[in-house]
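Working through the structure, step by step
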Amino acid sequence: MNLDSFPRYPGGPLKRYPEGYLIDEFKALADWAIETAHPPAVDEALIAAFPDDSIFSLEIPQEFGEKWAESLSHCRSELLEHNEDTRLDLLFVAARLVEFRRRYNPLFSWLNDRELAHKGAREYRIQEPEAHHIETWLAPFELLDGTSFEDFPDTDDLFKVQALAWFFAAAELHRNGDPKAFDLLFEVAEALKMARDSILWADAGREERALAARALAKKGASARHALSNQKAAKIRAWWLANRDIFKSLDQAAERASEKFNCAFRTARDHIGEANKELRSAGKA
């Protein structure tokens, strides 16, 4: 990447005041750095991301022991439940996300720091691959070009497929005596953990929505009960005030059902309860 080809910030270098930088000016600089860093990072990611799809067919490496092999075998079994085109696209999108973040994160920081007056720009260096590079938050949709995805797929699948790819790469490094194998193995563990966390967050989201639905239903039921109780009180009060003009409780219930827009049985039950309470009070 030719750093000399990048333009300077039109409003820079930023002026530093005794209390620091102005928030609006600092935010404008960050927005410019984001906009400037995205295109070249995307272009390089699309070129660099050519993962090996043989990870879906080769024997799981045994270099790190049975437990590692068993864990990654289970991970691959879950990925193989996707159809072939989808899992290959998952592999490409995950690799592109990693290659994009490895370049974009340090480039954004370099561009941003270059325009700050208090110090020179930090050195630009492509980052080593890390599990958090797979995050899709604010990732450019250009990374989906040529795949079957119109939006980024579930992050747990992306973490799993990249963990599998890194596991094969770590085994190859280990066979060649490269100590970086264990750094990459660390990222495999992190990616698997983030995949589990992603599923837990999704489950938590579903549970939260279910709780909200139940709370709403309960609130609605409480409101309906409150209205029913109000109507019952009105029917009882009306009957107590007018009971002498009716020959029977049934006759009163027929009139109440019309007046209060309710079923005859409902009116009859409320009037019957009011009658029982009245007789009990009379006996007392």
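Preceding block: the structure.
Here's a quick rundown of the structure. It should be emphasised that the depicted structure is a prediction, and the values quoted were computed from it without experimental measurement.

What counts as what
- Residues numbered from 1 in each chain as written.
- Predicted model: local features only at pLDDT ≥ 70, side-chain atom pairs only at ≥ 80, totals over all residues.
- Heavy atoms only, no water.
- Helix = DSSP H or I, 4+ residues; strand = E, 2+ residues; numbered from the N terminus.
- Buried < 20%, exposed > 50% of the residue type's maximum accessible area, 1.4 Å probe, protein only.
- Contact = heavy atoms within 4.5 Å.
- Areas by Shrake-Rupley, 256 points an atom, 1.4 Å probe, with all protein chains shown as cover.
- Patch = residues over 30% accessible without salt bridge, like charges linked within 9 Å, V, L, I, M, F, W, Y side chains within 5 Å.
- Salt bridge = Lys/Arg side-chain N within 4 Å of Asp/Glu carboxyl O.
- Lys, Arg positive; Asp, Glu negative; His and termini not counted.
- Charge placed at Lys NZ, Arg CZ, Asp CG, Glu CD.
- Axes fitted to C-alpha atoms, helices over the stretch in contact; angles between N-to-C directions.
- Left-handed = near helix turned anticlockwise from the far one by under 90°.
- Nonpolar A, V, L, I, M, F, W, Y, C, P; charged D, E, K, R; others polar.
- Core = buried A, V, L, I, M, F, W, Y, C linked by side-chain atoms within 4.5 Å.
- Phe/Tyr/Trp six-rings, centres within 6.5 Å; stacked < 30°, edge-to-face > 60°.
- Lys NZ or Arg CZ within 6 Å of the ring centre and 35° of its normal.

Moving on, we come to the overall build of the protein. Each helix and strand in the protein was counted, giving 7 helices and 0 strands. Starting at the N terminus, the α and β elements of the protein follow one another as α-α-α-α-α-α-α. In the protein, buried positions account for 40% of the 284 residues. A separation of at least 24 residues holds for 70% of the contacts in the protein among residues at least 6 apart in sequence. Taken as a whole, the protein presents about 17300 Å² of accessible surface, with 52% of it coming from carbon and sulfur.

Take a negative patch on the surface next. Together, D52, D53, E84 and D85 line one region of the surface with negative charge. Along the chain, D53 turns up in the loop between α1 (23–48) and α2 (66–79).

On to the packing of α1 against helix α3 (residues 84–114). Orientation of α1 relative to α3, taken along the N-to-C sense of each, is 145°, at an axis distance of 7 Å. Considering how the two elements wind past one another, α1 and α3 form a crossing that is right-handed. Considering only residue class, the contact of α1 with α3 consists of 18 nonpolar, 3 polar and 5 charged.

As a further point, take the nonpolar core. Counting residues in each nonpolar core, the largest one holds 58 residues, and the members touching the most others are L97, L107, L111, L164 and W166. Put simply, the parts of the chain that give this core at least two residues each are α1, α2, α3, α4 (155–175) and α5 (180–242). The residues touching L97, leaving out its near neighbours within four places in the chain, are H133, I134, E135, T136, A139, L143, F152 and L158. By size, the runner-up hydrophobic cluster in this structure holds 12 residues, among which are A252, A267, I271 and A274.

Next up on the list: the side chain of E187. Relative to the assigned elements, E187 resides in helix α5. Those residues within four positions of E187 in sequence are excluded, and the remaining contacts are P129, E130, A131 and W166.

What follows deals with the packing of aromatic side chains. Considering all chains together, one arrives at 10 aromatic pairs under this definition. Relative to Y104, the ring of F100 has its centre 5.2 Å away and its plane inclined at 10°; by these criteria the two rings are stacked. With F100 and Y104 both in helix α3 and 4 residues apart, this pair spans about one turn of that helix. When sorted by exposure, F100 lands in the same class as Y104, which is buried. Looking at R87, its charged tip hangs above the ring of F56, at a distance of 5.7 Å from the centre. One cation-aromatic arrangement involves K259 over F260; the distance from NZ or CZ to the ring centre is 5.8 Å.

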